[in-house]
Amino acid sequence: MGIARRYAYVRAQVDEVCRAVGRDPAEVKLLAVSKTVDVPAVAEAIAAGGHAFGENRPDQIVPKQAAYPNEEWHFIGNIQSRRIKDIVPASTLIHSVYQASHLPKIDAAAQAAGKVQDILVEVNVSGEESKSGLEPHAVRAFIEEADAYDHIRVCGLMTMAPRYDEETAEKTFSGLAALRNELDGLVLPHHGELVLSELSMGMSEDWQCAIKHGATIVRIGRAIFSDEFEPPED
Ligand SMILES: *Cc1c(COP(=O)(O)O)cnc(C)c1O
């Protein structure tokens with residue numbers, strides 16, 4: 001029962017941090033990143049109250065979504081063009097969109113699946129070369145480009161902070177929030193007023209800081225699914 005216990009512990013911690021910074025815990029979704037575990041492990045997190053899961057590979061999200069179709073499945077990984085047709089039908093939300101060439105393919109796959117695909121734009125706030133995503137100054141033009149597609153809805157922004165560096169994490173998360181505030185409410189020719197309600201930021205080691213800066217989705221893997229993280233005995 002390690003997973004169920006860790007899930008419950010992380011959810012309680014998220015609620016506590018929300019209250020400490022004056023936010024409503026209901027505003028923050030705990031995305032359990034199940035990319036390293038198998039289908040039965042997901043069941044343990046569901047038993048503990050988990051309803052939203054993150055995956056970074058098409059080969060993982062497709063069978064897991066099929067096994068638990070009533071839960072939310074979010075795609076958070078690198079997108080390969082040729083796998084978009086597999087990713088879209090399985091995904092509630094795709095967090096990692098930043099390449100313009102993917103937009104027509106996402107739109108076509110969403111149309112074929114009879115849905116509008118919710119997406120987040122991935123932003124490389126820290127400017128680290130190893131990180132994927134758009135530079136902040138390029139996000140507005142990208143959103144304007146996405147506006148042309150009927151079956152795509154941009155709902156927010158996503159970022160990853162460099163690991164083990166609290167000061168940079170702080171700057172990264174506040175930078176993403178500032179960008180959201182700047183672009184939210186933009187009136188687009190096709191979709192009308194842009195509502196950037198989601199900020200996907202924060203992982204096992206930096207989610208507290210992300211919540212402080214307005215995260216609405218924290219993506220937590222190891223703190224739920226790995227034995228290296230042990231909640232204190234109660
Ligand atoms: C793996 C992953 C996470 C979760 O990371 P942990 O450190 O295990 O919490 C979050 N976001 C993305 C994009 C990931 O690939």
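Here is a short report on the structure shown in this document. (Residues numbered from 1 in each chain as written. Predicted model: local features only at pLDDT ≥ 70, side-chain atom pairs only at ≥ 80, totals over all residues. Heavy atoms only, no water.)

So, helix α6 (residues 139-146)
Residue pairs spaced three or four apart in an α-helix point in one direction, given the helix's 3.6 residues per turn.
Phase 1: V139, F142, I143 and A146 are the residues of α6 that are buried. On an axial view of α6, the arc spanned by its buried residues comes to 100 degrees, and they lie on one face.
Phase 2: Structurally, α6 contributes buried residues whose contacts are with β4 (93-97), α5 (103-112), β5 (117-122), β6 (152-158), α7 (166-183) and β7 (187-188). (Buried < 20%, exposed > 50% of the residue type's maximum accessible area, 1.4 Å probe, protein only. Helix = DSSP H or I, 4+ residues; strand = E, 2+ residues; numbered from the N terminus. Arc of directions from axis to C-beta. Contact = heavy atoms within 4.5 Å.)

So, the site of the ligand
Phase 1: The local shell around the ligand consists of V33, K35, I76, M160, R163, M203, S204, R219, I220, G221 and R222.
Phase 2: In the environment of the ligand, a nitrogen atom lies 2.8 Å from a nitrogen or oxygen atom belonging to the side chain of R219.
Phase 3: In this structure, an oxygen atom belonging to the ligand sits 2.9 Å away from a main-chain N or O atom of R222.
Phase 4: Taking 380 Å² as the accessible area of the ligand by itself, protein coverage stands at 92%.
Phase 5: Partitioning the shell around the ligand into residue classes produces 5 nonpolar, 2 polar and 4 charged. (Near = heavy atom within 4 Å. Polar contact = N/O pair within 3.5 Å; in protein donor to acceptor, adjacent residues only side chain to side chain. Areas by Shrake-Rupley, 256 points an atom, 1.4 Å probe, with all protein chains shown as cover. Nonpolar A, V, L, I, M, F, W, Y, C, P; charged D, E, K, R; others polar.)

Focus on the pattern of salt bridges
Phase 1: Tallied over the entire structure, the rule returns 16 salt bridges.
Phase 2: In this structure, K131 engages E128 in a salt bridge whose closest nitrogen and oxygen atoms are separated by 3.5 Å.
Phase 3: Each member of the salt-bridge network shares a partner with another, and the members are R5, R6, D227 and E230. (Salt bridge = Lys/Arg side-chain N within 4 Å of Asp/Glu carboxyl O.)

Focus: the side chain of H95
Phase 1: Following the sequence through the fold, H95 ends up in strand β4.
Phase 2: By relative accessible area, which is 0% here, H95 ends up buried.
Phase 3: Here the side chain of H95 touches H74 through a polar contact of 2.8 Å, side chain to side chain.

Details of the environment of A20
Phase 1: Tracing the backbone through its elements, the reader meets A20 in helix α1 (residues 2-20).
Phase 2: Residue class for A20 comes out exposed when judged on its relative accessible area of 67%.
Phase 3: Between the C-alpha atom of A20 and that of K212, which follows or precedes it by 192 residues, the distance is 9.0 Å.

Some points on the nonpolar core
Phase 1: V139, V218 and I224 are the most contacted members of the largest nonpolar core, which has 63 residues in total.
Phase 2: If sequence neighbours within four positions are ignored, V139 has contacts with V121, V123, L134, L157, L179 and L183. (Core = buried A, V, L, I, M, F, W, Y, C linked by side-chain atoms within 4.5 Å.)

Considerations on the pairing of β6
Regular strands show a simple pattern: their side chains alternate between the two faces of the sheet.
Phase 1: The buried fraction of β6 is high, at 6 of 7 residues.
Phase 2: With 6 bridges connecting them, β5 and β6 associate as parallel partners. For Q117, the partnering residue across the bridge sits in β6 and is I152. (Pairing = 2+ DSSP bridges.)

Description of the pairing of β4
Phase 1: Extensive coverage of β4 is indicated by the burial of 5 of its 5 residues.
Phase 2: Pairing between strand β3 (residues 72-75) and β4: 2 bridges, direction parallel. Note that in β4 the partner of F75 across the bridge is I94.
Phase 3: In this fold, the crossover linking β3 to β4 by way of helix α4 (residues 84-90) has right-handed handedness.
Phase 4: Relative to β5, β4 runs parallel, the two sharing 3 bridges. Directly across from V97, in β5, lies its bridge partner V121. (Right-handed = clockwise from strand over helix to strand, strands pointing away.)

Some remarks on the environment of A146
Phase 1: Looking at the secondary structure, you find A146 in helix α6.
Phase 2: Along the primary structure A146 and A100 are separated by 46 residues, whereas in three dimensions their C-alpha atoms are 7.9 Å apart.

Here's the deal with the packing of α1 against helix α2 (residues 39-47)
Phase 1: Interhelical geometry of α1 versus α2 gives an angle of 45 degrees and a closest axis separation of 8 Å. Overall, the two elements α1 and α2 adopt an arrangement that is oblique. In the packing of α1 onto α2, the handedness of the crossing is right-handed. On the side of α1, the interface is formed by G2, I3, A4 and Y7, while α2 contributes A41, E44 and A45.
Phase 2: When grouped by side-chain class, the residues that make up the contact of α1 with α2 number 5 nonpolar, 1 polar and 1 charged. (Axes fitted to C-alpha atoms, helices over the stretch in contact; angles between N-to-C directions. Parallel < 35°, antiparallel > 145°, perpendicular 65-115°, else oblique. Left-handed = near helix turned anticlockwise from the far one by under 90°.)

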